[in-house]
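Close look at the chain arrangement
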Amino acid sequence: MSELIDESEKFLHDLPDNLLIKIVQDLESEIINLETENQIFENFLSKNEPALLTGMTQILELANKMQQTQTHPSQLLLNGDRRETTDSIRGTSSRHTDSMMRFATTTTSTGDKGPRVNLSQRTDLALKELENIQTSLTVFLKQSHRTKCNLKAKLEELNIQQSEVEDARNIFQQTVVVEGVDPLTQRIPAEKFIRYMEEWLRSAELTIEKMRLKTCTLKAMYSKLSHQLIQKEELGETIDAVDFEQLRIQNNHLAKTIEEKNAHLLDLKKMNGMSNLVLSTNKKYLQKQMAKMKSMKQSINTKKERIINLDSEYKEVETQVAKEKEKYQKIQHLTQHYTVPDTMDYIKTNIKLLDLRKQMKMWERRNYVQQFVLNTCIHQMKNLTGSKEVRPWWFEKRTKSNCGEE
C-alpha cells in the first residue's frame with residue numbers, strides 16, 4: 001500500500017502545473033455535481049419516502065470516520081481505475097460520464113448491492129426538482145412582491161405622516177407660538193391654544209371621514225375585481241378548444257355586423273350632410289323671414305302710433321272746426337246784420353287811431369331812454385358796490401331820495 005502511495009505521489013510530482021490545476025478543477029466540479037445529486041435524492045426521499053432517511057446522518061458520519069481512519073487522501077486516485085485518471089487528464093471523457101463511473105465505482109467499493117439509479121431516473125428526478133424549485137421561486141417572488149408592495153405602502157404612509165406632522169408643527173409654530181403670544185404678558189393664552197386644537201381636531205375628523213369613505217369605495221372595488229377575477233379563472237378552467245372556435249365564429253359574425261353598421265353609418269353621415277345643407281338653407285330663409293317679420297312689426301307699431309296721433313289730431317281739428325264754425329256763424333251774423341257807419345265817424349276814428357299811434361311811439365322813446373338810464377345806473381351801482389347781481393334795495397333807496405327831492 002505504501003508503495004502505491006509513493007508511486008502516486010511520484011506520478012503527481014512528475015505532472016506539470018496546468019494538468020494538476022485541471023485535475024483539481026475537475027474534482028471540484030465532480031464534488032459540486034455529487035452534492036447537487038445527493039441534495040436532489042435527499043429532497044425526493046424526504047417528500048416521497050421519508051422513512052428511508054432515518055439513520056442516514058449516523059451512517060454518513062460513520063462512513064466518514066472509517067474513511068479517515070483507513071485511507072489517506074492520496075488514495076482517492078487509486079480507488080478508481082488508472083485509465084480513468086489518465087483519460088480525465090487527457091480530456092477525452094466528459095464530466096458527466098466521469099461522475100457516473102466514479103459513482104458506480106464508489107458504490108461497488110463500499111459494497112452496496114442495492115438497486116442503482118440510471119440516467120433516465122436521474123433526469124426525471126432533476127426535472128422534478130427543477131419544477132419544485134421553479135414553483136418555490138414563483139411563490140417566493142409573489143411573496144416578495146407582496147412584501148415589497150406592503151413595505152412601499154408603509155413607506156409612503158410614513159412619508160405622508162411625516163409631511164403632515166411637519167406641516168402641523170409649522171402651522172402650530174406660526175399660529176400659536178409666534179402669532180398667539182400676548183404682547184403684554186409675553187405668554188400664550190389658553191383660549192387660542194384650545195381654539196387651535198379644536199379646529200385641528202375638527203379638520204382631522206373631516207379627513208378621517210374622507211379616508212373612511214375612500215377605503216369603503218376601494219374595498220367595494222377590490223371585492224368587485226376579485227369576483228371578476230374568480231369568474232375569469234373559472235371560465236379559463238372550463239374553456240375548451242370548442243369555446244375558442246365558437247368565439248372565433250362569433251367574432252367573425254360581429255365583424256360582419258360591424259362592417260354593416262359602418263356602411264349604414266356612412267349612409268347616415270351622407271344623409272346628415274344633405275340634411276345639414278337643407279337645414280342651413282332653411283335657416284337662412286327663416287332668418288330672412290324673421291327679419292321681414294320684425295320690420296313688419298315695426299311698421300305696424302309705427303302705423304299704430306300714427307293712427308293714435310291722427311285720432312288725437314282729428315279730435316283737435318274737430319274742436320278747431322267747431323270754434324271756426326262759431327266764428328263763421330258770428331261773422332255771418334255780423335255780415336247779415338251789419339250797418340255801414342257814417343263817413344264822419346270813420347274819419348274821427350282814423351284820427352284817434354293816428355293820435356294813439358303817435359302817443360305810443362312817444363312812450364316807446366321815453367321807455368327806451370328810461371331803460372338806458374336805468375342800465376347806466378345799475379352799472380354804476382355794481383361798480384360802486386362791487387356786486388355782480390342786482391339788489392332790490394337799490395331801488396328802494398333811490399325812490400326815497402327821489403321822494404325827498406320832490
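These notes cover the structure that comes with them. (Residues numbered from 1 in each chain as written. Predicted model: local features only at pLDDT ≥ 70, side-chain atom pairs only at ≥ 80, totals over all residues. Heavy atoms only, no water.)

**A few points about the packing of aromatic side chains**
Evaluation of the coordinates by the stated rule reveals 2 aromatic pairs. Note on Phe-172 and Phe-193: the rings are 5.9 Å apart at their centroids and 80° apart in plane angle, and the pair reads as edge-to-face. On the criterion of sequence distance, the pair formed by Phe-172 in helix 6 (residues 119–178) and Phe-193 in helix 7 (residues 190–238) is long-range, its members being 21 residues apart. Residue Phe-193 is classed as partly exposed on the basis of its relative accessible area, which comes to 37%. (Phe/Tyr/Trp six-rings, centres within 6.5 Å; stacked < 30°, edge-to-face > 60°. Helix = DSSP H or I, 4+ residues; strand = E, 2+ residues; numbered from the N terminus. Buried < 20%, exposed > 50% of the residue type's maximum accessible area, 1.4 Å probe, protein only.)

**Things to note about the layout of surface pockets**
As a volume, the second largest pocket reaches approximately 540 Å³. Listed by contribution, the elements that provide at least two residues to the lining of the second largest pocket are helix 6 and helix 7. Ranked by the residues each element gives to the lining of the second largest pocket, the list is headed by helix 6, at 8 residues. Class assignment for the residues of the lining of the second largest pocket results in 9 nonpolar, 3 polar and 3 charged. (1 Å grid on protein atoms, 1.4 Å probe; cavity = no way out; pocket = protein on both sides within 12 Å on 5 of 7 lines; lining within 4 Å. Points joined across faces, edges and corners; volume = space filled by probe spheres on them. Nonpolar A, V, L, I, M, F, W, Y, C, P; charged D, E, K, R; others polar.)

**What about the packing of helix 2 (residues 17–48) against helix 6?**
Closest axis-to-axis distance for the helix 2/helix 6 pair is 10 Å, and the angle between their directions is 75°. The angle between helix 2 and helix 6 falls in the class roughly perpendicular. Residues Glu-37, Ile-40, Phe-41, Asn-43, Phe-44 and Lys-47 of helix 2 form the contact with helix 6, whose participating residues are Arg-122, Leu-125, Ala-126, Lys-128, Glu-129 and Asn-132. Among the residues making up the contact of helix 2 with helix 6, the classes are represented as 5 nonpolar, 2 polar and 5 charged. (Axes fitted to C-alpha atoms, helices over the stretch in contact; angles between N-to-C directions. Parallel < 35°, antiparallel > 145°, perpendicular 65-115°, else oblique. Contact = heavy atoms within 4.5 Å.)

Take it as geometry only, folks, not as evidence of what the structure does.
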